[in-house]
Amino acid sequence: MNTDRFATPVALLLLVACGGGAVWSASAVQRQRRELELVESIGDTEGMPPHVALVTAALGTFRGLAVDILWARADHLQTEGEYFEAQTLSQWITALQPRFDRVWGFQSWNLAYNIAAATQAPAERWGWVQRGISLLRDQGIPLNPRSPQLRMELALLFHHKIAGKSDRQHWFYKARLAREMQELLGDITTGQTAEQTAALFQRVVDAPATLAELLARTPQAQKALDLLAANGAKPDEQLVRMLGRALMQASSIDARILGEEKLPPGTNVPLLKAIRADKETSSILFDTVVPHLQHRTLVEHYRMDPARMLALMERYGPLDWRHAESHGIYWMEGGIDISRSLIEREDVNELMIIRSRLHMLSDLMRSGRVDFDPVTNRVDLLPDPRFAAAYERSLQEALDLIGSEQGVAAGEFGRAEEKDLLDGYENFLNLATILEYLYGDQARARASFAKLVDLADRLGRGDDPLYADTLETFVSLRIAEVLAIDVSNLRQFLDAMIRRGILEGLARGDLKVFNRYLRVAHSTYDRRFAASRPGTKFVLEEAQLQDFPKLVDNSFVSVMKQGSMPLLTRARIWAWAPDALRARVSGEVADTLREQAEAEGLDPARAFPALEATPETKKADQAATSGADGEKNDQAVPEAEEGVE
Amino acid sequence: MVLPLGLAALAASAALLWWTGRPVAATAVAGAAGLVGGFLLGIILLRAVLSPGNGVIGVARAVVEEAVGTRLPLILLMLVVMGLPALPLVLDPTERLEYRMQFFLNWGLSGTGFLLAMVTLVLACGSVCGDIDTQRIHMTLVKPIERWQYLFGKWLGIVLLDLLLVGLAGLGIYAFTQALRRSPELDRADRRAVEQEVLAARSSTRPQHPQGDDFNKAIAAATARMEKDDPSSFAADPAGARRRIRSQQVLEWHTVRPDVVSSYLFTGLGRASRDSQPLQLRLKPFANNASIDRAEVRFAMWLNEKPFPMRDGKHEEFTFTSATFHTIALPSSVIADDGRLLVTIANRNLVPPGETEATSISFSPGKGLEVLARVGGFEANFLRAMVLAWAKLAMLAAAALAAAAWLGFPVAVLTGMMVYVSASARGFLADAIDIYTGLDAADASFTAMVRLRASLLLERLNKLELWDAAKTVSSSCADGFLALVPSFGAHDGVTQLATGRLISWADVGWGLLVLAVAYPLVLLAVGWFLLERRDLVNVSGS
């Protein structure tokens, strides 16, 4: 009885004490959980779009069930090959799990890879890739700003899906991205130094973010806005794109060859006329309103911070925003910054992020110079050895991080080590040496080669004969491997090199590149079979090789007769080919080419103009087509002229 | 009186909205007015049809009156009217029109089906349980009416009302589909897909793999080999082993090896040829042995021995992603006069590094290689889909009545919902149960499955894994329940309709027989059995 009398008050007392203790400690525990990032605030509706917040709050406990059903349905329909709900279901699923970053990553990957792969039309396929990008960039990342993973996923989409070659429509994607960005920002890299490019972009960075700010800063911009209003235009993204399209068309080489110099559809012709007529207002428009619109579009449409973009350009070199790798680097950098600020980094594979960034920089060195023609949608990605220095800087920073106290997390593998990056560095140096030799300057190529030899030594591969000879030998041997050519088939190797020179040099208007490829070909030809062993002409006969200039002529004729190559490309090659070369092969190909041009509706006189060689041009051109490029190169091809003569 | 007035107000509002330049809102309000008006007319018609009778007909008429009195059907119609115009609003307007239409049809019909199912459950359970609880049932049963007639009358009234509701909701969905059809398309291919692949009824033709003596002999030889090489696993499940061998043989026939050109014959395409209707070859190719995810599959194709496609005088090859469905549009001119189409495929896969020959290509038997040809219009297909939707409600009404015959209202509704969910997601639930218990029942026969479960239970009990043993028992019960419930997926008109596939009259007939006749008969018989034994005097009013 006594026990009963005391039990209730004691129990009540304990209850109150426990409850009070729980209340007292709850806020501290919660704060600590947040600080240590132990919780994912799945139910937190802050910053969510209204419909997402509503669904999140309204469904309550049933949200999990709804998510399960939607996942099961999405999976089932995908198995059945039905994609009509894919987009909507992924939106719903992510709306129900907005703070779970893996869901965004998965859904985005699903749209850009699985569903895109099931479609055939390039435009439709591109639509799915864009949806995948948009899901992450416009929704996933804003809702999960502290997730390095999502930024990395987005960067990899740009790197792998657009910049890579795994998708057979990758050229279409590259062209679409190049068009989109050139419409917006123009071509600010071609023919510019890194500093000039950054200076051009600085205008976009400095531009005001809002119209009100623009007018407050430069009241005369009102005049430009009035001009727009008077011609039915609004200061928005559409306007800046319309102006961009008109400018692109005007500067298109292909448009000139094709005779399509008229304005693209959708152009506001009265506005363009008004702009041309009023120089003062047009100057205000292009100096103030257009940079503001570019700034705004980058922020609102692409969710990119122009100041951060400029900082990357200053850090890494002339990043061309028409190139997918530039976008990849932008998002990857964001991922690294966030990751470094996290307390709990066990789940983050920073090593992968860093490696990917290095890979992107290496890719930019291989293909960072963008040449895009909007009329034919031709996009060429040319090597830009300027990114070699950026790669090395970035590598050094990564090595410093690895050596730092905080280290670099490698996910489930613990902490990264220096050797994790060195194999990639060796590949980079191989490529850098070749590209600098072909596209950059000799001194840098030699420096890269010296580093490569040193690194090979450190990695225990120093005795490889490849590294024991000269730079020229290394390039001529390694290039075959890089370009997947069998050197034992000498004639094929030489033909491949000459063709490569024609396509990467002449087709793109770069005689220097053309000549350097020829020099590599000539170096191989000369070193192995001719001048290095005077009097051993029989080797040439055995290999059934003709004189080098004749080989060049044959390869050139073969390219010009290649029916599968677009006539426009051949017209560009013809336009840039040395006069003597054209004169030598003219009789063999000119008539056919002109007939083909006529059949395709081109003006033969514009596409394949006739030419009469003068003695002066002939001499210079012969030098070019024999392997010497006018630069001092005595060491590389000392007997070149003799061989050709 | 209120309803006609409301109807007139809706009609006036629609006119006003139209006149003030809001055509979309006007269409929605006019649709609402149309549906409510249709409902009123339908009820008048039902009353007329059910007016003369007593007994079963009388009970049916009472159910209809009861339903009208609860306003539940009207609320449902309002939900449909409000929900349908809202559905296209959740879709991305930049999405392909083809996809938007398919989404609308799918979710419009499924959503309406769900609402109708809920109304059916509530009406059926409420009607019987209400009669019992309020003792109204005694007033009915004192008349010369048997208890089975009482239950059958209830079912008849509900299914007739469902018929009216399905018809009206179907009309609404059809009208909105036509409105959506007029929306701007993304490109010409999009419009073509809408007209030829969504708003159409396409039959599927698949190549027939060889049957007969040779095929059977090959299976027998392979079976004998297995029995000799691996007697223990063969003895464990001989029927399953035979089935697997047969499947393997069929798969091999669907495989294009690198050294052989394979041909597949599709027959019965005469109508598409006569009507000059384009065809679609739908395939799901796999690059065998390729370790790469989503590897590419390359092949060249000939149609009736003519290379296809030809572009600029060249025979082009196809390059598709492995393990994904692809559709190739074919002109009707490729079909021979006798309606045959011979599709010949040559493997053009690349030789993977380290291999000596290219990987084989295989197509999943069944849906993995089929020709779709238009054989009818959307309207008739839509009608057939609605008939199937109604058949499902008929079955559900019978299940709800059977539950209400011996359970209270809340439990009866829950039981009905359980039947509905199980029937709607039977395949998914069966898979989930297998995964839950760690068994893959895909290839196992019924007896093999029972044996497997029993041995698993014994094994778990022997190891004293009691929780796992309990899981095995509970999943066996769940499997047993699922075996009793029909699969709505097997009579699915909605996905068929949305993907422009023919719902044949044979499918509809079979669906009606199973869902609207056989199951209701059994369920009502069970309900009658239970109601007969129920002490209604002691239950009523308690």
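Residues numbered from 1 in each chain as written. Chains lettered and ligands numbered in written order. Predicted model: local features only at pLDDT ≥ 70, side-chain atom pairs only at ≥ 80, totals over all residues.

In terms of helices and strands, chain A carries 32 helices and two strands. By the burial criterion, 41% of the 645 residues in chain A qualify as buried. Considering only residue pairs separated by 6 or more positions, chain A has 67% of its internal contacts joining residues 24 or more positions apart. (Helix = DSSP H or I, 4+ residues; strand = E, 2+ residues; numbered from the N terminus. Buried ≥ 20, exposed ≤ 12 C-beta atoms within 10 Å, placed from the backbone. Contact = placed C-beta atoms within 7 Å.)

The helix and strand tally for chain B stands at 20 helices and 14 strands. Buried residues in chain B amount to 36% of all 542 residues. Within chain B, counting contacts between residues at least 6 apart in sequence, those at least 24 apart form 82% of the total.

All right, on to the interface of chain B and chain A then. Interface size, as often reported, equals the accessible area lost upon joining of the parts. Taken together, the contacts link 18 residues of chain B with twelve residues of chain A. Where the side of chain B that touches chain A is concerned, the elements lending two or more residues are α5 (97-133) and β10 (318-321) of chain B. It is α5 of chain B that provides the largest number of residues to the side of chain B that touches chain A, a total of four residues.

On to the packing of helix α17 (residues 324-341) of chain A against helix α18 (residues 350-367) of chain A. Residues and elements named next belong to chain A. Remark: α17 packs on α18, axes separated minimally by 10 Å, with the N-to-C direction vectors making an angle of 155°. Overall, the two elements α17 and α18 adopt an arrangement that is roughly antiparallel. Crossing of α17 against α18: the hand is left-handed. Each of E325, G328, I329, M332, G335, I336 and S339 in α17 lies in contact with α18, whose residues at this interface are E350, I353, I354, S356, R357, M360, D363 and L364. The class makeup of the residues in the contact of α17 with α18 is seven nonpolar, four polar and four charged. (Axes fitted to C-alpha atoms, helices over the stretch in contact; angles between N-to-C directions. Parallel < 35°, antiparallel > 145°, perpendicular 65-115°, else oblique. Left-handed = near helix turned anticlockwise from the far one by under 90°. Nonpolar A, V, L, I, M, F, W, Y, C, P; charged D, E, K, R; others polar.)

All names here are of chain B. Cis geometry marks the peptide bond from F308 to P309; its omega dihedral reads -5°. As for its position among the elements, P309 is in the loop between β7 (306-308) and β8 (310-311). Within the chain, S276 stands out as a residue other than glycine whose phi angle is a positive 55°. One can find S276 in the loop between α12 (270-274) and β4 (279-283).

With that settled, consider the confidence of the model for chain B. Parts of the prediction with low pLDDT should not have their coordinates interpreted in detail. Residues and elements named next belong to chain B. Chain-level pLDDT for chain B is 84 on average; 94% of the residues reach the 70-or-more range. Mean pLDDT in chain B bottoms out at helix α20 (residues 536-539), which sits at 66, and peaks at helix α13 (residues 378-404), which reaches 95. The ipTM, which scores confidence in the relative placement of chains, is 0.72 for this predicted complex, and the corresponding pTM is 0.66. (pLDDT = per-residue confidence, 0-100.)

Another aspect to go through is the sheet that holds strand β2 (residues 255-256) of chain B. All names here are of chain B. Reading across the sheet, the three strands line up as β2-β13-β5 and stay open at both edges, with antiparallel pairing between neighbours. Every interior strand has two partners, whereas the edge strands, β2 and β5 (285-287), have only one. Here three bridges tie β5 to strand β13 (residues 361-363), and the two strands are oriented antiparallel to one another. In the strand pairing of β13, A287 is matched with I361. (Pairing = 2+ DSSP bridges.)

Looking now at the pairing of strand β1 (residues 369-373) of chain A. Within a regular strand, the side chains alternate between the two sheet faces. Residues and elements named next belong to chain A. With four of its five residues buried, β1 lies for the most part within the structure. Direction of pairing for β1 relative to strand β2 (residues 378-382): antiparallel, over a ladder of five bridges. Within β2, the position partnered with D373 by the bridge is R378. Here β1 folds back onto β2, and the loop between the two strands holds four residues, one of which, N377, carries a positive phi near 60°.

A few words on the sheet that holds strand β1 (residues 201-205) of chain B. Residues and elements named next belong to chain B. Reading across the sheet, the four strands line up as β1-β14-β4-β11 and stay open at both edges, with antiparallel pairing between neighbours. Two strands bound the open sheet, and with one partner strand each, they are β1 and β11 (326-330). For this sheet, the mean inter-axis angle between neighbouring strands, taken without regard to orientation, is 30°. With five bridges joining them, β4 and β11 adopt antiparallel strand pairing. The partner of R282 across the bridge, within β11, is T327.

This paragraph deals with helix α3 (residues 63-79) of chain A. The end-to-end C-alpha separation of α3 of chain A is 24 Å, in line with the 24 Å expected for 17 residues at 1.5 Å each. Of the residues flanking the end of α3 of chain A, it is G81 of chain A, one or two places downstream, whose phi is positive at about 80°. (Expected span 1.5 Å × (residues − 1).)

Glancing now at the environment of L602 of chain A. For L602 of chain A, the position within the fold is in the loop between α29 (579-599) and α30 (604-607). Taking C-alpha positions, L602 of chain A is 9.4 Å from L567 of chain A, a pair spaced 35 residues apart along the chain.

Soluble globular proteins tend to bury their nonpolar side chains together. Residue and element names in this part refer to chain B. Counting 269 residues, the largest nonpolar core has A397, A398, A400 and L401 as the members making the most contacts within it. Take this core: its biggest share by element is 20 residues, from α13. Not counting residues within four places of it along the chain, the set of residues in contact with A400 comprises T120, L121, A124, C125, A412 and G416. (Core = buried A, V, L, I, M, F, W, Y, C linked by C-beta atoms within 7 Å.)

Right, let's talk about the packing of helix α5 (residues 101-117) of chain A against helix α6 (residues 122-143) of chain A for a bit. Residue and element names in this part refer to chain A. Where α5 meets α6, the closest approach of the two axes is 7 Å, and the angle between their N-to-C directions is 170°. With respect to their mutual orientation, α5 and α6 come out roughly antiparallel. Across from W104, Q107, S108, W109, L111, A112, I115 and A116 in α5, the residues of α6 making contact are R125, W128, V129, R131, G132, I133, L135, L136 and G140. Residue composition of the contact of α5 with α6, grouped by class: eleven nonpolar, four polar and two charged.

A few words now on the environment of T470 of chain A. All names here are of chain A. Position of T470 relative to the elements: it lies in the loop between α22 (465-468) and α23 (471-482). C-beta crowding within 10 Å serves as the criterion here: with 14 such atoms nearby, T470 is assigned to the partly exposed category. Separated by 24 residues in the primary sequence, T470 and R446 have C-alpha atoms spaced 9.4 Å apart.

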